[in-house]
Amino acid sequence: MILHYVKVNPAQNMTVFVLDQVPRKDHAEISRKLMSYDSIHAEQIGFIEKTILPDSTETLRLQMMGGEFCGNASRSFAAYMVYTEYPSIQKKDKDFVVPLQVSGWERNVECIVTPLKQKNRFRSRIQMPLPKNVGAQEFIVQGETISTIRVDFFGITHFIVDKDLVRSSLEFYNIVKTKMDEEEYEAFGVMFYDFEEKNLVPLVYVKGTDTMCWEKSCASGAAALGVCLSYLDDVNTTEAIVQTGGILNIDVKWLDGEASEIYLDGEVEIVSEGTVLLNL
């Protein structure tokens, strides 16, 4: 099988988009092969589909490898649409307004994309989905109680935990996974956060592809952290979230005990385009 692809770099959350129309039944197997070190190698895969918006505008739909929602992939694909001058984008001053649809979130998504000096670099801002639920959840690890803040989005659930409370990250992840396997879910992440140094280390599991990845950055995880900080202090949160791959800026509007708006932005780089050969 020959597939056309583009590889993008949103704060090193390396993402590959498959540009050919591929049956969804093949997404999981193709994703596992593309993510592997002996292929293109990435943290996640998205599949591009054509769709029609309610106003009859043709645009593109981003279907992630496990049907999850991904903010980094969404804003990166918006940047790619600007890069390729896709017809549905609209110019507004120095920016571009990009409408698209994304798996894991049943509404239209709008990104604001600003080209930077290099032709393949952009700043991309997205309004993130609001959480369905936010609250504390405890886990028992070797007889000790570890408290987390659980943030449920459509398509993915995140657990924010103080990394200094966790002796073994993988042990804690496995305990969380055992608990999550009692529920219906598409993906979840354990966000190990250093409240002193303000560093975030994301560990994400996608059920549809049965893949676990230490991500260099995670947009929905950064959004969940922003919600967590607002929840704990009952205030708006504006924070530059430092992750291994770079910085994602999060802005949470907090009203009457819940998030009313969440925005996330950061840089995106188009890394490569081409074809890949797969043996299925």
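Let us look at the structure shown here. (Residues numbered from 1 in each chain as written. Predicted model: local features only at pLDDT ≥ 70, side-chain atom pairs only at ≥ 80, totals over all residues. Heavy atoms only, no water.)

This part is about helix α1 (residues 27–35). For the α-helix, the turn length of 3.6 residues means that residues three or four positions removed from each other point alike. Within the span of α1, buried status applies to His27, Ala28, Ile30, Ser31, Leu34 and Met35. Seen from one end, α1 has its buried residues packed into an arc of 165 degrees, which puts them on one side. (Buried < 20%, exposed > 50% of the residue type's maximum accessible area, 1.4 Å probe, protein only. Helix = DSSP H or I, 4+ residues; strand = E, 2+ residues; numbered from the N terminus. Arc of directions from axis to C-beta.)

This brings us to the pattern of salt bridges. What the rule picks out here adds up to 16 salt bridges. A salt bridge links aspartate 181 to lysine 177, with the nearest nitrogen and oxygen atoms 2.9 Å apart. One salt bridge in this structure joins aspartate 251 and lysine 253, with 3.6 Å as the shortest N-O distance. Here aspartate 251 falls in the buried class, since its relative accessible area comes to 16%. (Salt bridge = Lys/Arg side-chain N within 4 Å of Asp/Glu carboxyl O.)

Turning our attention to the environment of lysine 94. Topologically, lysine 94 is positioned in the loop between β5 (90–92) and β6 (95–102). For lysine 94, the contacting residues outside a window of four places in its chain are Thr114 and Pro115. (Contact = heavy atoms within 4.5 Å.)

In this structure, Leu34, Ile45, Phe77, Val98 and Ile262 are the most contacted members of the largest nonpolar core, which totals 75 residues. Among the elements that make up this core, the one with the highest residue count is helix α4 (residues 219–233) (eight residues). Those residues within four positions of isoleucine 45 in sequence are excluded, and the remaining contacts are Val16, Val18, Ser31, Leu34, Met35, Met64 and Met65. Among the nonpolar cores identified, the runner-up in size contains 16 residues, and Ile146, Tyr173, Val176 and Tyr205 belong to it. (Core = buried A, V, L, I, M, F, W, Y, C linked by side-chain atoms within 4.5 Å.)

Moving on, we get to the packing of aromatic side chains. Any aromatic ring pair is given by two values, namely how distant the centres are and how the planes are angled relative to each other. Applying the stated criterion across every chain, the model contains 13 aromatic pairs. Aromatic ring contacts, followed pair by pair, group Phe17, Phe77, Tyr80, Tyr83 and Phe122 into a single cluster. Taking the ring centre of phenylalanine 154 as reference, the NZ or CZ of lysine 132 above it sits at 5.1 Å. Against the face of tyrosine 205 rests lysine 177, its NZ or CZ located 4.8 Å from the ring centre. (Phe/Tyr/Trp six-rings, centres within 6.5 Å; stacked < 30°, edge-to-face > 60°. Lys NZ or Arg CZ within 6 Å of the ring centre and 35° of its normal.)

So, on to helix α3 (residues 169–180). Counted at 1.5 Å a residue, the expected span for α3 with its twelve residues is 16 Å, and the 16 Å between its end C-alpha atoms agrees. Of the residues making up α3, those classed as buried are Phe172, Tyr173, Val176, Lys177 and Met180. Relative to the axis of α3, the buried residues are bounded by an arc of 140 degrees and lie together on one face. (Expected span 1.5 Å × (residues − 1).)

So, to be careful, I would describe these as geometric facts and stop short of saying anything about function.
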